[in-house]
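# Observations on the three-dimensional arrangement
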Amino acid sequence: MTEPTFQATGLRVRGARPKLPRMRAVLLEQVRVTGLALRGAALMATALVALVTLFAVSQVLSRGADLTLNAWPTQLPGLLGALLPIAVWARDQYFGPAFLWTLPLDRRRHALAKVLAGWVWLMVAVALFALWLLAVTAASGGRALPPEALLVLGSQPAGGSPVDPGALRTVSWAPGLMIWALPFTAATAPYLLGSALVLGVRRPLRWVIGAVLAYTLASIASEATGALDWAPGRLLRLLVESRYGLDALLTGRIELLSDPVTLTTGKSVIIWWSVPDLADWRTATVLWTGAGGLALWAAVSRHRERRRA
């Protein structure tokens with residue numbers, strides 16, 4: 001007499017909407033799973049850091065010199081941020097029907113959760129890199145971010161001619177604690193743009209190779225026709241060398257503000273065209289991070305649910 005009751009209950013259970021997991025639980029699980037997927041890359045990075053550490057220690061012991069941590073940012077965090085999305089999504093098939101999209105969560109939210117999980121591990125890697133720099137500096141007896149004496153010229157010499165030492169002025173520059181935030185923002189914007197590329201197109205590597213080949217061919221054509229200031233070169237300079245370009249994002253324009261020159265005395269020195277201003281980096285960070293966020297949203301929107309639940 002109870003069999004129909006059990007059958008009705010089973011039908012109600014089968015027809016009920018399953019309870020969706022909380023976003024916090026999904027994110028924590030994605031952080032764990034993504035960390036496991038990145039173990040191989042982490043081991044290779046650890047081995048490389050160990051080799052560099054041994055080299056630095058050997059230099060300190062053989063020469064007896066300290067290693068000073070200066071304020072010149074490296075482009076390594078930006079490169080790491082641009083390449084990490086490839087490792088994060090390497091094992092996932094995210095176009096078409098795949099196991100990734102059978103989970104009880106909206107596809108866009110799931111993709112954003114995985115991107116956020118990769119960003120968490122990216123920030124961990126950048127923080128460990130900064131701590132490693134501090135540890136090597138402290139172990140060698142060096143100083144961390146001491147004030148820098150910059151030789152400022154104000155304008156580039158014509159035709160690479162020797163520079164008169166009397167035309168240089170010495171400026172003391174102390175970047176402040178804000179310089180420590182630069183590696184984290186320099187890694188974040190390329191990571192967002194790289195994630196947008198990986199999620200937005202089916203074969204991102206082909207797009208990258210195609211863009212490089214197209215730029216190369218356009219540059220060769222412009223040089224052959226004598227139009228050296230044609231669109232490809234101007235576009236590249238705009239994206240990289242402009243006030244809020246990639247160099248401002250990755251290095252605070254420090255990379256392009258200095259250059260080695262030869263003085264009239266025959267001595268080679270590093271001179272600066274102007275004193276670095278972190279305001280350019282802050283504006284570039286807002287622009288590039290905002291562009292990366294918009295591109296990422298457009299990319300994950302391609303994976304939105306097509307059918308109603």
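Source: prediction; values computed, not measured.

Rules used in this analysis
Residues numbered from 1 in each chain as written. Predicted model: local features only at pLDDT ≥ 70, side-chain atom pairs only at ≥ 80, totals over all residues. Heavy atoms only, no water. Phe/Tyr/Trp six-rings, centres within 6.5 Å; stacked < 30°, edge-to-face > 60°. Helix = DSSP H or I, 4+ residues; strand = E, 2+ residues; numbered from the N terminus. Buried < 20%, exposed > 50% of the residue type's maximum accessible area, 1.4 Å probe, protein only. Lys NZ or Arg CZ within 6 Å of the ring centre and 35° of its normal. Axes fitted to C-alpha atoms, helices over the stretch in contact; angles between N-to-C directions. Left-handed = near helix turned anticlockwise from the far one by under 90°. Contact = heavy atoms within 4.5 Å. Nonpolar A, V, L, I, M, F, W, Y, C, P; charged D, E, K, R; others polar. Expected span 1.5 Å × (residues − 1). Arc of directions from axis to C-beta. Polar contact = N/O pair within 3.5 Å; in protein donor to acceptor, adjacent residues only side chain to side chain.

## Description of the packing of aromatic side chains
Describing an aromatic ring pair means giving the distance of the ring centres and the angle of the ring planes. Applying the stated criterion across every chain, the model contains one aromatic pair. Taken together, a centroid distance of 6.1 Å and an interplanar angle of 25 degrees make the contact between Phe129 and Trp132 stacked. One end of the pair, Phe129, and the other, Trp132, are both in helix α5 (residues 107-139), three residues apart, so they sit about a helical turn from each other. Among the residues examined, Trp132 registers a relative accessible area of 21% and is labelled partly exposed. In this arrangement the basic side chain of Lys114 is found over the ring face of Trp89, its NZ or CZ atom lying 5.5 Å from the centre.

## Remarks on the packing of helix α4 (residues 76-88) against helix α6 (residues 182-200)
Geometry of a packed helix pair, given as the angle between the helix axes and the separation of the axes. At their nearest, the axes of α4 and α6 sit 7 Å apart, and the two run at 35 degrees to each other. Viewed along their axes, α4 and α6 form a crossing whose handedness is right-handed. Across the interface between the two elements, Pro77, Gly78, Gly81, Ala82, Leu84, Pro85, Ile86 and Val88 from α4 touch Pro183, Ala186, Ala187, Pro190, Tyr191, Gly194, Ser195 and Val198 from α6. When its residues are assigned to classes, the contact of α4 with α6 shows 12 nonpolar, four polar and no charged.

## Comments concerning helix α2 (residues 23-37)
Along its 15 residues, α2 runs 21 Å from first to last C-alpha, staying within 8% of the 21 Å computed at 1.5 Å per residue. If you check which residues of α2 are buried, you get Val26, Gln30, Val31, Thr34 and Gly35. End-on view of α2: buried residues confined to an arc of 165 degrees, all on one side of the axis.

## Topic: the side chain of Thr137
Tracing the backbone through its elements, the reader meets Thr137 in helix α5. Judged by relative accessible area, which is 6%, Thr137 ranks as buried. At a separation of 2.8 Å, a polar atom in the side chain of Thr137 contacts the main-chain carbonyl oxygen of Leu133.

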